[in-house]
Every structure is written in structure tokens, then in C-alpha cells.
Amino acid sequence: NYKNNFLLTKTIEWLSDFKNDQLYLTSAVVIANYMRTDENSLKMIKHEKEPHTKIINILNSLYTDSPTLQQTNVIHSLLGALRNFCVAGNLYSAKNLDFNIFQNNKLLKNSLFKVNTREEILKHKITETALKFLKFENLEVKFKALAIIRLLIKSCNDKNGLNEVFSNESLELI
């Protein structure tokens, strides 16, 4: 239970307030588990502290040609959390209203605005980050990176990662 989102808020803070692999790993697991519903995915993608941006920045800082086992575990967990940001597609949003009310009501759905979480996350160079990890020796890390690319490919365009995905270097890695 994420009672009053205290735990979630703390784990998001850990992503920027500390440089600690164990806190990064724990944050990734909590955030990934929280995002198991479309409603929660939408909340996270619109969260004022932008946890997805923090995760991308940490992943970029952890990238190395020879990571330790601990770094590999952290990278795997962070990629897993980042993948969960990519799972939800088009969602409907309204401020301060319960998402469940709208799921089966077409009239209300039409009065809401559509949010594409994949398009939102693509604004943050996620494909560039995921593609780096295709070079890793660890298969679990490669699979997480490929999962991110697979989920985002339909939403990519020339401005947000499509050229990187279809570059010769990337295609050879894939």
C-alpha cells in the first residue's frame, strides 16, 4: 500500500537526493510496482518531480563498458521501471477526478483530454538511453532495453528517436 503516497514520494526523492545504488534499486522496484495500472502510469508521467527523467539521468551516469555486478543490478532495475513508463498508451486525464469513473462512460471520456504516455516519455531521449544498453554483455539488461524500444517504436518519429533506432549501428546491435 502506498498510503498517502508517502513511500512513493520518498523513493522519487531518493533518485535525486542521494547517490546510492541500494536506494536507486529500491526506488526502481517501488516505482515499477506502483505503475501496474494505467491510472498510476499517468500519475507518474505527469508527476511534478519527473521520476522518469531522474531514472534516465541515472542510467546515463551509470553507463560504462565494464560495470560491476552491483551496477548491473541497478541498471536492470532502473530499466525495468523505465519500461513500465512505456507500457501504457493513450490515456484520458482530468485534474482531481477519479479515473475509474471514466472507463466506461463515453460522454465523460469525450470531455477529457487524451494523454499518450509514450509520446510524453519520448520527449526525454529515452530511446538514446535504451540503445546504449544494447551493447551490454548482460542479457537481462539487453532484454529490458529492447523491451523499451519495442514498446516505443510505434510512437517514435524523426524528432524523438526513430533515426537512432534505425541507424546501422543500432540495427546491428538489435
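What you are looking at is a predicted structure, and each value in this text was computed from that prediction instead of being measured.

### Describing the overall build of the chain
Now for step 1: A count of helices and strands for the chain gives 12 helices and two strands.
Now for step 2: When burial is assessed residue by residue, the chain has 41% of its 174 residues classed as buried.
Now for step 3: By sequence separation, contacts in the chain at least 24 residues apart represent 67% of the contacts at least 6 residues apart.

### A closer look at the side chain of Ser27
Now for step 1: Positionally, Ser27 belongs in helix α2 (residues 21-34).
Now for step 2: Within the local environment of Ser27, its side chain forms a polar contact with the backbone oxygen of Thr11, the two atoms lying 2.8 Å apart.
Now for step 3: Ignoring anything within four residues of it in the chain, the contact list for Ser27 reads Thr11, Trp14 and Leu15.

### Notes on the environment of Thr37
Now for step 1: Mapped onto the elements, Thr37 comes out in the loop between α2 and α3 (38-45).
Now for step 2: Separated by 51 residues in the primary sequence, Thr37 and Ala88 have C-alpha atoms spaced 8.2 Å apart.
Now for step 3: Engagement of the side chain of Thr37 in a polar contact is seen with the backbone nitrogen of Asn40, the distance being 3.1 Å.

### Description of the nonpolar core
Now for step 1: Counting 42 residues, the largest nonpolar core has Ile31, Ile55, Leu78, Leu82, Phe85 and Ile126 as its most contacted members.
Now for step 2: Sorting the residues of this core by element identifies α1 (6-17), α2, α3, α4 (51-62), α5 (69-87), α8 (117-122), α9 (126-132) and α10 (139-152) as the ones contributing at least two each.
Now for step 3: Not counting residues up to four positions away in its chain, the partners in contact with Ile55 are Leu15, Ile31, Leu78, Ala81, Leu82 and Phe85.

### Looking at the packing of aromatic side chains
Now for step 1: Counting across every chain of the model gives three aromatic pairs.
Now for step 2: Relative to Phe133, the ring of Tyr63 has its centre 5.4 Å away and its plane inclined at 80°; by these criteria the two rings are edge-to-face. One end of the pair, Tyr63, is in the loop between α4 and α5; the other, Phe133, is in the loop between α9 and α10, with 70 residues separating them in the sequence.
Now for step 3: The exposure class of Phe133 is buried, given its relative accessible area of 0%.
Now for step 4: Ring centres 5.2 Å apart and planes at 55° place the aromatic pair Phe133 and Phe136 in the tilted group.
Now for step 5: A network of ring pairs unites the aromatic residues Tyr63, Phe133 and Phe136 as a single cluster.

### Some words on the side chain of His52
Now for step 1: You can see His52 is positioned in helix α4.
Now for step 2: The residues touching His52, leaving out its near neighbours within four places in the chain, are Met44, Ile45, Leu82, Phe85, Ile121 and His124.

### Remarks on a nonpolar patch on the surface
Now for step 1: Where nonpolar side chains cluster on the molecular surface, the patch consists of Phe166, Leu171 and Ile174 and spans about 300 Å² of accessible area.
Now for step 2: Here Leu171 lies in helix α12 (residues 168-173).
Now for step 3: Leu171 gets classed as partly exposed once you look at its relative accessible area, which sits at 43%.

### Regarding the pattern of salt bridges
Now for step 1: Applying the stated criterion across every chain yields a total of three salt bridges.
Now for step 2: In this structure, Glu13 and Lys10 form a salt bridge, with 3.3 Å as the shortest nitrogen-oxygen distance. Taken together, the positions of Glu13 and Lys10, both in helix α1 and three residues apart, correspond to about one turn of that helix.
Now for step 3: On the accessibility criterion, Lys10 (30% relative accessible area) is partly exposed.
Now for step 4: A salt bridge links Lys49 to Glu13; the shortest N-O distance between them is 3.9 Å. A residue pair is termed long-range when its members are at least 10 positions apart, and Lys49 in the loop between α3 and α4 and Glu13 in helix α1 qualify at 36 residues.
Now for step 5: The partly exposed category is assigned to Lys49, whose relative accessible area is 33%.

### Examining the packing of α1 against α4
Now for step 1: Put simply, α1 and α4 touch, their axes get as near as 10 Å, and they point 35° apart. The chirality of how α1 crosses α4 is left-handed. Residue-level contacts link Ile12, Leu15 and Ser16 of α1 to Pro51, Lys54, Ile55 and Ile58 of α4.
Now for step 2: For the contact of α1 with α4, the class distribution of residues is five nonpolar, one polar and one charged.

Rules and cut-offs
- Just so you know, the residues in each chain are numbered from 1, in the order the chain's sequence is written.
- Totals for whole chains, interfaces and linings use every residue, but because this is a predicted model, local features are given only for residues with pLDDT of at least 70 and side-chain atom pairs only at 80 or more, for both listing and counting.
- Note: side-chain values were computed over all heavy atoms of the structure, leaving out hydrogens and water.
- What counts as a helix is a DSSP run of H or I of at least four residues, what counts as a strand is a run of E of at least two, and both are numbered from the N terminus.
- Each residue's exposure class comes from its accessible area (1.4 Å probe, protein chains only) as a fraction of the maximum for that residue type: buried when under 20%, exposed when over 50%, partly exposed otherwise.
- The contact criterion used is simple: two residues touch if any of their non-hydrogen atoms lie within 4.5 Å.
- Any pair of N or O atoms that falls within 3.5 Å is considered a polar contact. Within protein, one atom must be able to donate a hydrogen and the other to accept it, and sequence-neighbouring residues count only if both atoms are side-chain atoms.
- Within this scheme, the nonpolar core is defined by two criteria: the residues are buried Ala, Val, Leu, Ile, Met, Phe, Trp, Tyr or Cys, and they are joined through side-chain atoms within 4.5 Å.
- What counts as a ring pair is set by centres within 6.5 Å for rings of Phe, Tyr and Trp (its six-membered ring), and what kind of pair is set by the plane angle: stacked under 30 degrees, edge-to-face over 60, tilted for all other angles.
- By definition, no residue in a patch forms a salt bridge, and every one has over 30% relative accessible area; like charges are joined within 9 Å, nonpolar side chains (Val, Leu, Ile, Met, Phe, Trp, Tyr) within 5 Å.
- Each accessible area is a Shrake-Rupley result for a 1.4 Å probe, and residues are judged covered by the shown protein chains and nothing else.
- Every case where a carboxyl oxygen of Asp or Glu lies within 4 Å of a side-chain nitrogen of Lys or Arg is listed as a salt bridge.
- Lines fitted to C-alpha atoms define the axes, with helix axes restricted to the stretch in contact, and inter-axis angles between N-to-C directions lie between 0 and 180 degrees.
- A clockwise turn of the near helix away from the far one marks a right-handed crossing, whereas an anticlockwise turn of less than a right angle marks a left-handed crossing.
- Each residue is assigned to one class: nonpolar for Ala, Val, Leu, Ile, Met, Phe, Trp, Tyr, Cys and Pro, charged for Asp, Glu, Lys and Arg, and polar for all the others, Gly among them.

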